[in-house]
Amino acid sequence: MINYIKAENLKFKRTFSRKMVIFVPLLNIGFSFLMNIQFFVSGTFNWWSIIFMPVMIALFCSLSHQKEKKASNYNGTYSLPINLVSLWYAKIIIIMIYSLLSQIVFLIFMLLMGIVIANFSIISLSTITASLLLWMTSLWQIPLCLFVAKRWGLTIAVMLNLIGTFVLGVMSASRSFWWFIPWSWPIRMMCPTIGIHPNGLLLEKNDPLLSWLVVPPTILISILLFLVMAFLTSRSFAPLIDYRTKKQGAM
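Residues numbered from 1 in each chain as written. Predicted model: local features only at pLDDT ≥ 70, side-chain atom pairs only at ≥ 80, totals over all residues. Heavy atoms only, no water.

(A) Quick look at the packing of aromatic side chains. What the rule picks out here adds up to 10 aromatic pairs. Taken together, a centroid distance of 5.2 Å and an interplanar angle of 85 degrees make the contact between Phe31 and Trp47 edge-to-face. Pair noted here: Phe31 is in helix α2 (residues 16-35) and Trp47 is in helix α3 (residues 40-72), with a separation of 16 residues, a long-range link. For Phe31, a relative accessible area of 32% gives the class partly exposed. (Phe/Tyr/Trp six-rings, centres within 6.5 Å; stacked < 30°, edge-to-face > 60°. Helix = DSSP H or I, 4+ residues; strand = E, 2+ residues; numbered from the N terminus. Buried < 20%, exposed > 50% of the residue type's maximum accessible area, 1.4 Å probe, protein only.)

Structure below.
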């Protein structure tokens, strides 16, 4: 499995995907700084959860697919004596790592902002927790976007994740049925950690959305959904494996 992961990482060499790890967090911070410096921290995490993070994940997945398609339209991959399901998992793991790196870069940029601007306290246990929760509750999007990008292309993958988050996620994150809308989970995690409402406004003290009780079950269902999505989408390679095995057996 390690060799599959190394091979997938090499495919990202000298690509825009690696640049996005730095570019997207920087773009998010710059955008939030220009929009409203008074609520910089809350605004940055709000935009990060509802626009920049979902779009970045979809782009990671789409560019991974395009790399394979431009190389040989998967013909070279399918003809090799490799485990295609392991290859699919390796793609997921690499994007997980790049997504985590983007969170680390994001926090580093936020730390630098706090150093450069006097009396600008940004990095704290809450912001670090918010970044980690945002990453964990967004993992399930990776196998979904990989599957959609391979089946229908970059535009559909990006639009699906953007609309799913910006429309379904924001609308349901403060409602009682938010548990049933996975796109709302990362947004909902920003409520207790950063103290911001899904609509971008700061929460008042004693607001029910500030409760941390929702965090453990959300982490659990996010990981479970991620595992289920990874397994189900990997099955898209099963017919190819069956066909190749039958063909080799006939020979």
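(B) Quick look at the side chain of Thr44. Assignment of secondary structure puts Thr44 in helix α3. Given a relative accessible area of 0%, Thr44 falls into the buried group. A polar contact is formed between the side chain of Thr44 and the backbone oxygen of Phe40, at a distance of 2.6 Å. Setting aside its immediate chain neighbours within four residues, Thr44 contacts Asn28, Ile29, Ser32, Phe106 and Met110. (Polar contact = N/O pair within 3.5 Å; in protein donor to acceptor, adjacent residues only side chain to side chain. Contact = heavy atoms within 4.5 Å.)

(C) Representation of α2 in the model. The terminal C-alpha atoms of α2 lie 26 Å apart, and with 20 residues this matches the ideal 28 Å at 1.5 Å per residue to within 8%. At Ile22, α2 shows its maximal kink, close to 35 degrees; a proline, Pro25, follows between one and four residues later. If you check which residues of α2 are buried, you get Ser17, Met20, Val21, Val24, Pro25, Asn28, Ile29 and Ser32. (Expected span 1.5 Å × (residues − 1). Bend = angle between axes of the 7 residues up to and from the residue.)

(D) Structural context of the packing of helix α5 (residues 84-116) against helix α6 (residues 125-136). Orientation of α5 relative to α6, taken along the N-to-C sense of each, is 160 degrees, at an axis distance of 10 Å. Between α5 and α6, the angle falls in the class roughly antiparallel. α5 and α6 meet at a crossing whose hand is right-handed. Here α5 contributes Met96, Ser99, Leu100, Gln103, Phe106 and Leu107 to the contact with α6, which in turn contributes Thr127, Ile128, Ser131, Leu134 and Trp135. By residue class, the composition of the contact of α5 with α6 is 7 nonpolar, 4 polar and no charged. (Axes fitted to C-alpha atoms, helices over the stretch in contact; angles between N-to-C directions. Parallel < 35°, antiparallel > 145°, perpendicular 65-115°, else oblique. Left-handed = near helix turned anticlockwise from the far one by under 90°. Nonpolar A, V, L, I, M, F, W, Y, C, P; charged D, E, K, R; others polar.)

(E) Up close: the nonpolar core. In terms of nonpolar packing, the biggest core is built from 58 residues, with Trp48, Ile92, Ile142 and Met190 touching the most fellow members. With 13 residues, α5 is the single largest residue contributor to this core. The contacts of Trp48, once residues within four sequence positions are left out, are Val24, Pro25, Asn28, Met53, Pro54, Met56, Ser102, Gln103, Phe106 and Leu134. (Core = buried A, V, L, I, M, F, W, Y, C linked by side-chain atoms within 4.5 Å.)

(F) Looking closely at a nonpolar patch on the surface. A cluster of nonpolar side chains, namely Ile97, Leu100, Leu101, Ile104, Ile108, Leu111, Leu112, Ile115 and Val116, defines an oily patch on the protein surface of about 790 Å² accessible area. Looking at the element boundaries, Leu100 is found in helix α5. Since its relative accessible area comes to 31%, Leu100 is described here as partly exposed. (Patch = residues over 30% accessible without salt bridge, like charges linked within 9 Å, V, L, I, M, F, W, Y side chains within 5 Å. Areas by Shrake-Rupley, 256 points an atom, 1.4 Å probe, with all protein chains shown as cover. Salt bridge = Lys/Arg side-chain N within 4 Å of Asp/Glu carboxyl O.)

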